[in-house]
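Descriptive analysis of the structure
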Amino acid sequence: MNNYEHSVFLDVKKCIGCTTCLRHCPTQAIRIKDGHAVINEKRCIDCGECIKICPKKAKKPVCNKLKDLDSFKWKIALPAPTLYGQFENMDDVDYILNGLLKIGFDDVFEVSTAAELASAYTRQYLKRPDVVKPVISSACPVVLRLICLRYPSLKDNIIPMLPPMEIAAMMARERAKKNHPELTDSDIGVCFISPCPAKASYVKNGFGSYKSQVDVVIPISDIYFQLINAMEHSDDIETLSKSGMIGIGWASSGGEATALFNDAYLAADGIENVNRVLDQIENDNIPPLEYIELNACTGGCVGGVLTMQNPFIAKAKLQTLRRYLPVSQNFVKNDEIIPEKYFFEEIPTYYPISRLSESMSESMRMMAEIQKLRDKLPGIDCGACGAPTCRAFAEDVVKGTAKLSDCTINYRSELLEYLKTKDEDCDSN
Ligand code: SF4
Ligand code: SF4
């Protein structure tokens, strides 16, 4: 599947080709060509690292605007739990939920409510005798795409459960139709208030054959000031929140895994750490664990690029907020069957980024050529050729997307060698 719709965009006019993003892209999706960055769409996982790091703000998230909801009769806000950690002196989530109604939403459905159900269902899923352990969380869309592209052998470890955002969207739609039978599906607009652009990619592309129930994704940063203003003018607030510590805990790394009440888990955050853990699982080099929670952003969703608050401060704020909450407000019975609609049927197949060619013999030949070329290169990963490492540059040359002369250091030493030979020839004549 190559027609993947991304949510990270490069504004070429702003890019100065400084190579900063080149060194930070976890999948080596960026090259510098003709003086500016170029993103290889097949490799990009929409992690947003390049948005965070670009000094010229040339990389941008592609999300919706609030006005994209105008065409819907009934507008539902799905606030990510991360939103709750963005405000000063917040001791009651209901201020935020009432604020969302004030700025024009007809209903609010907390993603943390669905997260509590997802935690309960995951506890049941882990008891099944046939599941492949360790089970890997499916909540972070960046990690899902990374596994599909780079670790396809771990696809069976992914829990095939939809993320809380999708479960919340389904439940919110069901509630709207129950309370307002006059509404049709197309009258209802579901808007996820997101900490990261990868959620927008998830909504645009679905997952396998699953089509998202969310219509619009807007950044937390786009709605933040409007919401503060609405909250300041909220005196009489209605009790709307229906989630507890568990649901809100999903915003930070470790929150999802601790909700399983099972010590055999690992929670890692930050894309480099995620890669390390996946490498170790793939190499069967981890202790026996039941569950692996992986978040591409540092600190978990609180570290998403579309947030307003330092992730560690947001995490501290959420801890304070959680103190006033019950453990959970959403339960399932021990023997309750997990509804089929909360599962996705298939994990998408992408062309693995490590594969050099369709044919095994051609791949082997290319690999040998890459190794030979790599030995000729300076090995200092300077980035001047436009590739992040000498290894990546050698691969580009072998694939025919770069020329050996793009390596200025190699070019210079070859030139010097040539001039030296010339001089020697002249001397001998
Ligand atoms: S960080 Fe990347 S996108 Fe930003 S200016 Fe430098 S090369 Fe261009
Ligand atoms: S979003 Fe992530 S994977 Fe995509 S180009 Fe930027 S850093 Fe690389």
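The present account deals with the structure reproduced in this document. (Residues numbered from 1 in each chain as written. Chains lettered and ligands numbered in written order. Predicted model: local features only at pLDDT ≥ 70, side-chain atom pairs only at ≥ 80, totals over all residues. Heavy atoms only, no water.)

**Brief notes about the overall build of the protein**
The cut-off we apply is this: To qualify as a helix, a DSSP run of H or I must reach at least 4 residues; to qualify as a strand, a run of E must reach at least 2; elements of each kind are numbered from the N terminus. Buried means the residue's accessible area, taken with a 1.4 Å probe over protein chains only, is under 20% of the maximum for its type, while exposed means over 50%, and partly exposed covers the values in between. Residue contacts are defined here by distance: any two heavy atoms, one from each residue, within 4.5 Å place the two residues in contact.
Assigned secondary structure in the protein consists of 15 helices and eleven strands. Once the C-alpha set of the protein is aligned to its principal axes, its extents read approximately 100 × 50 × 40 Å. Residues counted as buried form 54% of the 429 residues belonging to the protein. Sequence separation of at least 24 residues holds for 78% of the intrachain contacts in the protein that already meet a minimum separation of 6.

**Quick look at the environment of V135**
Examined against the element boundaries, V135 turns out to sit in strand 7 (residues 135–136). Judged by its relative accessible area of 1%, V135 falls in the buried class. A C-alpha to C-alpha distance of 8.7 Å links V135 and E293, two positions 158 residues apart in sequence. Leave out the neighbours within four places in its chain, and V135 touches Y125, L126, N157, I159, E290, Y291 and I292.

**So, the site of ligand 1**
Note the cut-off: It suffices for a single heavy atom of a residue to lie within 4 Å of a molecule or strand for the residue to be listed as near it. Three classes are used: nonpolar for Ala, Val, Leu, Ile, Met, Phe, Trp, Tyr, Cys and Pro, charged for Asp, Glu, Lys and Arg, and polar for all others, with Gly counted as polar.
Taken together, 13 residues lie near ligand 1, and C15, I16, C18, C21 and C54 sit nearest. For the shell around ligand 1, the residue count by class is nine nonpolar, three polar and one charged.

**As for the nonpolar core**
Going by this rule: We define a nonpolar core as any set of buried Ala, Val, Leu, Ile, Met, Phe, Trp, Tyr and Cys residues linked to one another through side-chain atoms lying within 4.5 Å. Boundaries between domains were set according to an automatic or database domain assignment.
In terms of nonpolar packing, the biggest core is built from 81 residues, with I76, L78, V214, L278 and L294 touching the most fellow members. With nine residues, the single largest contributor to this core is helix 4 (residues 111–126). Each of domain 1 (1–62) and domain 2 (66–129 + 159–248 + 306–342) accounts for three or more of the residues forming this core. Not counting residues within four places of it along the chain, the set of residues in contact with L294 comprises I136, C140, V143, A268, V274, V277 and L278. By size, the runner-up hydrophobic cluster in this structure holds 31 residues, among which are L83, I220, I223 and L325.

**So, the pattern of salt bridges**
Quick reminder of the rule: Here a salt bridge means any side-chain nitrogen of Lys or Arg lying within 4 Å of a carboxyl oxygen belonging to Asp or Glu.
Applying the stated criterion across every chain, the model contains 18 salt bridges. Note that K317 is salt-bridged to E88, the shortest N-O span being 2.9 Å. Here K317, found in helix 12 (residues 311–323), pairs with E88, found in the loop between strand 5 (74–79) and helix 3 (93–102); they are 229 residues apart in sequence, far enough to count as distant. Classification of K317 as buried rests on a relative accessible area of 15%. The network of salt bridges with shared partners includes R43, R391, E395 and K399.

**A look at the pairing of strand 5**
Rules: The rule for pairing is simple: two strands pair if DSSP sees at least two bridges between them. Looking down the strands as they point away from the viewer, one classifies a crossover as right-handed if the path from the first strand across the helix to the second runs clockwise.
Taking burial as the measure, the six residues of strand 5 include six buried ones, the bulk of the element. In this structure, strand 5 lies alongside strand 8 (residues 188–194), joined through six bridges in parallel fashion. Within strand 8, the residue paired with K75 across the bridge is G189. Relative to strand 6 (residues 107–108), strand 5 runs parallel, the two being bridged by two bridges. Residue pairing in the sheet places A77 in a bridge with V108 of strand 6. With helix 3 bridging strand 5 and the parallel strand 6, this β-α-β connection has right-handed handedness.

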